[in-house]
Amino acid sequence: MLHKKKYHLNVNERNSRLSTTDLFLEIIKQSVPYIFTDSSITLFFLIDQYTFNRAMLLVKHYSKDQLDFFYALFAANANKLTTIVLSLAVAMAVSLTPLLSSMITKKK
């Protein structure tokens, strides 16, 4: 688990300032899981795109037009639904993991 720094900004102190580079580094650290999961989802869709025709030809011999039609049906609806479900699952997992780990360490 990544070590997280907690920044406390006292509103009454006028001289207290946070470093811009520290803030940007923290934002980048927090966004890495989202970037990795979204990139992997897109990569899997790309793999589906290039392997669909070969897999369908193993099942039955279809013409190229039929395979294009089948892929259009497969990609248009299924990818939209899976993208929504996967995005919700990733958002819940990434946001709940720190909460659950803090509850476990506090033994609640």
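Computed from a predicted structure; not experimentally measured. (Residues numbered from 1 in each chain as written. Predicted model: local features only at pLDDT ≥ 70, side-chain atom pairs only at ≥ 80, totals over all residues. Heavy atoms only, no water.)

S.K.: Would you mind going over the packing of aromatic side chains with me for this structure?
M.R.: Ring pairs (aromatic) are described by centroid distance and by the angle formed between their planes. Scanning the model with the defined rule gives three aromatic pairs in all. Ring plane angle 55° and centroid distance 6.1 Å describe the contact between Phe69 and Phe70, whose orientation is recorded as tilted. A relative accessible area of 27% means that Phe70 is categorised as partly exposed. Joined through ring pairs, the aromatic side chains of Tyr62, Phe69 and Phe70 make up one cluster. (Phe/Tyr/Trp six-rings, centres within 6.5 Å; stacked < 30°, edge-to-face > 60°. Buried < 20%, exposed > 50% of the residue type's maximum accessible area, 1.4 Å probe, protein only.)

S.K.: Help me out: how do you make sense of the environment of Tyr34 in this one?
M.R.: Residue placement: Tyr34 occurs in helix α1 (residues 20-59). Contacts of Tyr34, omitting those with residues within four sequence positions, involve Ala91 and Val94. (Helix = DSSP H or I, 4+ residues; strand = E, 2+ residues; numbered from the N terminus. Contact = heavy atoms within 4.5 Å.)

S.K.: Help me understand α1 in this model?
M.R.: Structurally, the α-helix is built with 3.6 residues per turn, so residues lying three or four positions apart point the same way. The end-to-end C-alpha distance of α1 is 57 Å, a good match for the 58 Å that 40 residues give at a rise of 1.5 Å each. At Thr51, α1 is deflected by roughly 45°, the largest bend along its length. Within the span of α1, buried status applies to Glu26, Thr37, Ile41 and Phe52. (Expected span 1.5 Å × (residues − 1). Bend = angle between axes of the 7 residues up to and from the residue.)

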